[in-house]
Amino acid sequence: MKKYRKEDILQLVKEQDVEFIRLQFTDIFGCLKNVAITSSQLEKALDNQCTFDGSSIEGFVGIEDSDLYLYPDFHTLEIFPWRPQQGKVARLICDVYRPGGEPFEGDSRYILKKALQEAKDMGYKFDVGPECEFFLFHTDENGRPTTITHEQAGYFDLGPIDLGENARRDMVLTLEEMGFVVEASHHEAAPAQHEIDFKYDEALATADNIMTFKLTVKTIARRHGLHATFMPKPKYGSNGSGMHINMSLSENGKNIFSDEADPLGLSKEAYYFMGGIMKHIKGMCAITNPLVNSYKRLVPGYEAPVYIAWSAKNRSPLIRVPAARGEGTRIELRCPDSAANPYLALAVCLQAGLDGIKNQIMPPESIDCNIFELSEEERKEHLVEMLPGTLQEAINELEKDEFIRCVLGVHVSEKYIQAKQKEWDEYKSQVSDWEVGQYLYKF
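Residues numbered from 1 in each chain as written. Predicted model: local features only at pLDDT ≥ 70, side-chain atom pairs only at ≥ 80, totals over all residues. Heavy atoms only, no water.

## A look at the packing of helix α4 (residues 165-177) against helix α5 (residues 203-223)
Logical step 1: α5 packs onto α4 with a crossing angle of 135° between their chain directions and a minimal axis gap of 9 Å. Between α4 and α5, the interaxial angle falls into the category oblique. Handedness of the crossing formed by α4 with α5: right-handed. Mapping the contact onto sequence places Ala167, Asp170, Met171, Thr174 and Leu175 in α4 and Phe213, Thr216, Val217, Ile220 and Ala221 in α5.
Logical step 2: The class makeup of the residues in the contact of α4 with α5 is seven nonpolar, two polar and one charged. (Axes fitted to C-alpha atoms, helices over the stretch in contact; angles between N-to-C directions. Helix = DSSP H or I, 4+ residues; strand = E, 2+ residues; numbered from the N terminus. Parallel < 35°, antiparallel > 145°, perpendicular 65-115°, else oblique. Left-handed = near helix turned anticlockwise from the far one by under 90°. Contact = heavy atoms within 4.5 Å. Nonpolar A, V, L, I, M, F, W, Y, C, P; charged D, E, K, R; others polar.)

Below, the structure written as structure tokens:
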């Protein structure tokens, strides 16, 4: 991450002919918001004097308590490479504050910062590497998104079978121009599905990068006449899109998840961290998998986890320990999807893992075979539980997990649960095409 002072930003904006600056923040549901100012108002913004109506942002505040302030994080300055070269557009990611100068408790970036401070107080730095999957679909004659694609490419296929190759290439080049270190990009298993992986970083920078990544991918896709969607399961019968989260803790620059003396090369902290996540994962699911549609992905047969287990040898469980050891030792949580608010998702992952370390919560024995091939009796024998199967189940589990609600804070947990319950209730009342097809003629 680049380091900027106020004076650096003012000078850079002038030298680079930046005319518009977008002050960006993320709501509790993971949607990017912004207000644009001209360069003439930049100094005012850098002095934390820009206000907005928080009552107009779902999950923030009511009309009787609506004034909130945007505090730009100077180090997040980025000039968008896809905008005009004259009168350029830049952005600053902002924290949200109350008028009295207190951090706004409904700001998800603040919630992650609190979690990171707790880790720092324990001597730890939390590094995260995401694996973001998405689909590229056609748009209709009015530019609206569809789920139509002409391609039939599969995992690791290349052009001309991979019809999204050129768009993905431009996305990678644009991301690199913005300072991302892109480690790999490829076609995924389902037609029109893609993955771009960027290098791990400290968790706050990674969450910022995920939001920037999604905006960039959608923008470049549109330039190619396509629509990029991070919806978890846009098409029946195909794999859904996940956002696997690779996590490690370091202390004094050393990865503490590594221990050469252990048969699997894992430290006790790594086991405890896994144990904490497995203890709280049911309560976390409403955050890591936040949509009704998220649970259409978490079903057997489509490479997404369903069972709460871990392994260092196969990819069917919830948690996988990739082969890399030493400084590359990490834990991969495989259930999250890219619809999640990354700040909240990383906050609950970190706090659950720290709870495991504090209380020395050991995970159960690893399941090193394909869990989907085990019988129900065998899974019961191994005490393997299932993830929530619907958003309603996930909401219920979040309500039961006092620890995860405490991580989120009273404001966010209440607003979030209320909104997600409303989403589920609206979904329940809908009549789907499947129901019409199944029942209209028969009954």
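## Quick word on empty space enclosed by the protein
Logical step 1: Applying the stated criterion across every chain, the model contains one cavity of 30 Å³ or more.
Logical step 2: Of the volumes computed, that of the largest cavity is approximately 70 Å³.
Logical step 3: Around the largest cavity, the lining residues are Gln24, Phe25, Thr26, Leu32, Ile93, Cys94, Asp107, Ser108, Arg109 and Tyr343.
Logical step 4: Every element with two or more residues in the lining of the largest cavity is listed here: β1 (18-26), β6 (88-97) and α3 (108-121).
Logical step 5: A total of three residues in the lining of the largest cavity trace back to one element, the largest contributor, which is β1. (1 Å grid on protein atoms, 1.4 Å probe; cavity = no way out; pocket = protein on both sides within 12 Å on 5 of 7 lines; lining within 4 Å. Points joined across faces, edges and corners; volume = space filled by probe spheres on them.)

## A few points about helix α6 (residues 268-288)
Logical step 1: Taking 1.5 Å per residue as the helical rise, α6 with its 21 residues ought to reach 30 Å, whereas the 25 Å between its terminal C-alpha atoms falls clearly short.
Logical step 2: Considering bend angle alone, the principal kink of α6 is centred on isoleucine 281 and spans about 70°.
Logical step 3: Of all the 21 residues making up α6, 18 are buried; the element is thus mostly covered by neighbouring parts of the structure. (Expected span 1.5 Å × (residues − 1). Bend = angle between axes of the 7 residues up to and from the residue. Buried < 20%, exposed > 50% of the residue type's maximum accessible area, 1.4 Å probe, protein only.)

## What about the nonpolar core?
Logical step 1: Counting residues in hydrophobic clusters, the biggest one holds 116 residues, and the most contacted among them are Phe213, Leu249, Phe273 and Leu333.
Logical step 2: The dominant element in this core, judged by the number of residues it contributes, is α6, at 12 residues.
Logical step 3: When residues no more than four places from it in sequence are discounted, the contact partners of phenylalanine 213 are Cys132, Phe134, Leu175, Phe180, Ile196, Phe198 and Phe230.
Logical step 4: Core analysis: the second largest hydrophobic core is formed by seven residues, Val306, Ala309, Ile367 and Val384 among them. (Core = buried A, V, L, I, M, F, W, Y, C linked by side-chain atoms within 4.5 Å.)

Honestly, it's all geometry; don't read function into it.
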